[in-house]
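Structural description and commentary
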Amino acid sequence: MPLPRLLAWLLLLPSALLLGLVFLLPLGWFLGNALGELGSGSEILSEALAIAGSRAMQRSMLVTGEISLATTLCCLAIGYPLAFALTRAKGLMFRLVIASVLLPYFTSVIVRTYAWMVLLGRTGVVNNALQAIGVTQGPLSLLYNRGSVILGMTYVLLPYMVLTLFSAMRSVDMRLLQAAAGMGASGARIFLRVFLPLTLHGVIAGSLLVFILAIGFFITPALMGAPEDMMVGMLIERQVEQANNWPVAAVMSLVLLAVTMVVYAVYSRFADIRRANPA
Amino acid sequence: MTKPIVTGRRAVIAGALATPFIWRPARAAQQLVIRTTGGVYDDIMRRSVYDGFTKATGIEVVTAAATMSKLIAMYKAGGAEFDIIDTGDSGLLNLERLGALLPIDYASWKYGNPDEIIKELKFPYRVGSYVYATVSTYNKQAFPDKHPSNWAEFWDIKAFPGPRSLPDMGSGQPPLELALIADGVAPDKLYPIDLDRAFKSLTRIRPAVPKFWDTGALSAQMLSDKEVVLSAVWNGRVQTLIDKGAPLAIEWNQNMIQVQAYGVPKLSSNPKGAQLFVDYASQASAQVGYAKELRYGPSNTKAYAMLPQDLLDIMPGGPKYRDLGFYQKIDWWEDNRDRVTKAWSNWVLG
Amino acid sequence: MTAGAVALERVSKRFGGVAAVEDLSIAVAPGEFFTILGPSGSGKSTTLSMIAGFEVPDSGRILLGGQDMTRAAPRARGLGMVFQNYAIFPHLDVFENVAFPLRARGQKDVTARVMEALATVRLQGMERRYGRQLSGGQQQRVALARAIVARSAIVLMDEPLGALDKNLRYHMQTEIADIQRRLGMTVIFVTHDQEEAMNLSDRIAIMEGGRMIQAGAPREVYERPVNAFVARFLGESNLIAGVAEGAALRRADGTYLAAANVGTPGAASLFVRPEKVRLGAGSENSLSGRVLRSSFLGTLIRTEIDVGGDQVMTVDATNGPGMQALVPGAAAIVSWAAADSRLLAA
């Protein structure tokens, strides 16, 4: 039911103001002034191209893309069945699963990451257990590699995927699945031909959300990654905190923002958010 | 690609970002705000310095934390909230070059005596409070008989196998000096640092480095969890672990001495009180307390006489290890920070 | 020839201790249009779910085409189905919706058979539309086409016309009946609408509280209900209270009314349909009283007459030439034949 146009705008106003005041205004100010130090528009552009073309930035973008993509796929692989289980769980079970999905948000990223270190370290729980039951002889290097970064980021970002998928799955009329079974469809066919297509907009939205959030990560890869797992966010943080070079940080941020916008544009071309939710 | 740091316009941005750090309405004149690293450090300094200072002068001391980038942003915004900055001397040099600091008023000292301060720690715009050292630390279980006795052996991953760690760029200073010494450069011939040579040397040790540490906490964590059996860490961090019974030991040979110092910001609203604090904190008796707890060497030469022998045996800057070590040259770092940051990123990303 | 036979043998199903279906036995012949009629909560939908395989009975057997399918998966049963609210797949167009049962069963000639089914329900030209672009009646036809496309011998229909308005519903009833006869399929039809049930069915089973109360041809259950529930549920009825004595009802005032059957001794009701009652004196049962109200219903004129002893008789007379409605308060006599009335246990 469409709201009257004026009312819709009025309802939008508080969030627009908040976003404008605490996000867009300072961001614009920072970028404008930081870039202003570089000089004219063409100088900014040549600086941006130089940074975007630099070996470190390209390597880092590649690393960022790989880690973000892998994280997104892991979130999807874990989140899809989890979200489905949530649609079927009731009462206490539902609350338990929701609580364990949301738990990461009640602790700081540092605590969470140290928890991973306790689990995955050379003398950590996993390594001790593996050696105790004789699977491995010496400790495995489970920490400080690409895999542990992806694991840590998946853990942090999983709730975004699960909640997005959950709401998409909740809107699926479960009688359609029963109907499909009644018409002779196997479980696999029901999933592939009915349930998956009906939740595809959730898959796309959740993946996009996780991917965009992952692109900007820097704490988890800094703590859990190998030295070469340097994501763009870390590169930017170094420019601000170590080199005190804000113009370069601003240009790097813009490059990252541009990539994010491209991802978003691709997404909105293929999925119309309003149409995607079948009535 | 990079440019000198200071320009007028950045002050405007800095103002936008930096203003709301500390809320301090109409501050009483009898109060000083000091920038520290926070945490346990504050408690130790309060016990050993601040309380005594308040008792002697009636001036309260309030602490707050801020990173160097925030301090710089604050200064540029024209809103320094601090009266005293207690930080690594490279940060203070950075601020000094921005023109953000007042000279230390050595002439007015009445508690301390400038002649008692170690000469390497005495500067016009900053005065050292203590020295700490980046030392080679090894796990005694991993190296029961023979351990790396210098940086060259630390770098020798064949003769001394095992995972090891070194400081990351994120810690402030990557181990360029150590890399050069490991490659055969004499400690008095390190500067100006040959970046190419340093990174080539780092490349040799990298296969044995699962992780470079960026915070003191992580460096200690990795040693106590046996993630690494060899590490270049700040001596205070590892001493705490040793005191708790960790099977670790320090090799003091070629320790790199670094300096913690005080500076007084130009925009301090109580510069007189701040100078008085620096004076008070520089006397030997005020330094003994934290030297004992932090295991860092006091900047006042007279303070060493007040420390027990067992502490002197584990203290940088003390008679036992001063000659084994070398001072890190901060000026070079401040001249080359941008270059090093870039080179580090390139090296790390391969 | 037995492919279309459906049999339920002493089937029971409980949900959390509450009996949804109890000791239900039904035998549906091939090609029969069999309706399960009952109010909501009577167990009719559970019964259909068990035939479809969405629910498994706690006890009893379900035979489809003579084979025990009590525990078979829905897909193994080979049924056609029309679902409540149609269950049209929103992400598939009309063609793919109708093709779904064929593809699910790996059948051949998909295009030809989908086209044929769409022609049967008169939906040609709509193949590329989606459910949201169709009217309620068109959606219903898609659902119907999907139920018949695989040429299942047995088709289940769960309140298929519930969402349509009255005119369209009557129209669709005719179409469903036509298609069913043309294709010779067995239909098990669930509804709570008694007119729909009588219009469509070869036989109707009336359920209440999980049990089947009566099953029979529409006319039989309408005119010879086994109890007051069935009598009331299938349209208007007069139920006169009294005590059964042989083939007669003795009223409280001591008068007797004759019935076509011998009642169970004890408290009873005499049942007669309003359209079997005449205004005016008659030779068999008659009662006199005063007109309470008269309602004009188009083809019918319904008169309610207070005949004393808290008893109101409803009389339906077909509207015809010169027909007048009676004025409230006027004296009136009603009469009916013993053959049209039955004694029901109270």
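Below you will find a few notes about this structure. Here the structure is a predicted model, which is why all the values come from computation and not from measurement.

1. Quick look at the interface of chain A and chain B
Contact residues are listed per partner, giving 42 residues for chain A and 43 residues for chain B. For the chain A and chain B pair, buried surface summed over both sides reaches about 3,700 Å², with 56% attributable to carbon and sulfur atoms. At the junction of chain A with chain B, the criterion picks out 2 salt bridges. Between R238(A) and D168(B) there is a salt bridge, and its shortest N-O distance comes to 2.5 Å. Applying the counting rule to chain A against chain B returns 12 residue pairs in polar contact (both at pLDDT 80 or more). Listing elements by their share of the side of chain A that touches chain B, those giving two or more residues are α1 (5-36), α2 (41-53), α3 (55-88), α5 (109-120), α10 (219-224), α11 (232-241) and α12 (246-270) of chain A. Considering only residue class, the side of chain A that touches chain B consists of 24 nonpolar, 10 polar and 8 charged.

2. Comments concerning helix α9 (residues 187-215) of chain A
Across its 29 residues, α9(A) extends only 36 Å between first and last C-alpha, which sits more than 12% below the 42 Å expected from 1.5 Å per residue. The sharpest bend along α9(A) reaches about 50° and sits at L196(A), with the proline P197(A) one to four residues further on.

3. Considering the interface of chain A and chain C
In many reports, interface size means the accessible area that the parts give up when they come together. Facing the 17 residues of chain A at the interface are 20 residues of chain C. The tally of links between chain A and chain C comes to 1 salt bridge. Across the pair R193(A) and E96(C) runs a salt bridge whose closest N-O atoms are separated by 3.3 Å. At the surface where chain A touches chain C, the tally comes to 3 residue pairs in polar contact (both at pLDDT 80 or more). Taken together, the elements giving at least two residues each to the side of chain A that touches chain C come down to α8 (174-182) and α9 of chain A. Per-element tally for the side of chain A that touches chain C: the top contributor is α8(A), with 7 residues. When grouped by side-chain class, the residues that make up the side of chain A that touches chain C number 10 nonpolar, 4 polar and 3 charged.

4. As for the arrangement of the chains
Most contacts, compared over the 2 pairs of chains touching, are made between chains A and B. Taking C-alpha atoms as the reference, chain B and chain C come no closer than 46 Å and do not contact one another.

5. So, the pattern of salt bridges
Taken as a whole and judged by the stated rule, the model has 36 salt bridges over all chains. For E223(C), the salt bridge goes to K276(C), with nearest N and O atoms at 3.3 Å. Residue E223(C) is found in helix α7 (residues 218-223), and its partner K276(C) is found in the loop between β14 (266-272) and β15 (278-279); the two are separated by 53 residues along the sequence. A salt bridge links E245(C) to R250(C); its shortest N-O distance comes to 2.6 Å. Residue E245(C) is classed as partly exposed on the basis of its relative accessible area, which comes to 32%. The partly exposed category is assigned to R250(C), whose relative accessible area is 31%. Taken together, the salt bridges that share partners define one network made up of E66(A), R146(A) and D229(A).

6. Here we look at the nonpolar core
Ranked by internal contacts, the top residues of the largest apolar core, which has 134 residues, are W155(B), L166(B), L176(B), L202(B), F100(C) and L156(C). Residue contributions to this core peak at 11 residues, all from helix α7 (residues 146-170) of chain A. Look past the residues within four positions of L202(B) in its chain and what remains in contact with it is W155(B), L166(B), P175(B), L176(B), A179(B), W344(B) and W347(B).

7. Some details on the sheet that holds β15(C)
If you walk across this open sheet you meet the 5 strands as β15-β19-β16-β17-β18 (chain C), and the pairing is antiparallel. Edge positions in the sheet fall to β15 and β18 (312-318) of chain C, since each of these pairs with one other strand and no more.

8. Examining the packing of helix α4 (residues 89-97) of chain B against helix α13 (residues 330-349) of chain B
Residue and element names in this part refer to chain B. As a packed pair, α4 and α13 sit with axes 9 Å apart at the nearest point and diverge in direction by 60°. Of the possible angle classes, the one that applies to α4 and α13 is oblique. Crossing angle aside, the handedness with which α4 passes α13 is right-handed. Of the residues in α13, those in contact with D89, S90, L93, N94 and R97 of α4 are I330, D331, E334, D335 and R337. Grouping the constituent residues of the contact of α4 with α13 by class yields 2 nonpolar, 2 polar and 6 charged.

Procedures and definitions
- Residues numbered from 1 in each chain as written.
- Chains lettered and ligands numbered in written order.
- Predicted model: local features only at pLDDT ≥ 70, side-chain atom pairs only at ≥ 80, totals over all residues.
- Heavy atoms only, no water.
- Contact = heavy atoms within 4.5 Å.
- Buried area = accessible area lost by both parts, 1.4 Å probe.
- Salt bridge = Lys/Arg side-chain N within 4 Å of Asp/Glu carboxyl O.
- Polar contact = N/O pair within 3.5 Å; in protein donor to acceptor, adjacent residues only side chain to side chain.
- Helix = DSSP H or I, 4+ residues; strand = E, 2+ residues; numbered from the N terminus.
- Nonpolar A, V, L, I, M, F, W, Y, C, P; charged D, E, K, R; others polar.
- Expected span 1.5 Å × (residues − 1).
- Bend = angle between axes of the 7 residues up to and from the residue.
- Buried < 20%, exposed > 50% of the residue type's maximum accessible area, 1.4 Å probe, protein only.
- Core = buried A, V, L, I, M, F, W, Y, C linked by side-chain atoms within 4.5 Å.
- Pairing = 2+ DSSP bridges.
- Axes fitted to C-alpha atoms, helices over the stretch in contact; angles between N-to-C directions.
- Parallel < 35°, antiparallel > 145°, perpendicular 65-115°, else oblique.
- Left-handed = near helix turned anticlockwise from the far one by under 90°.

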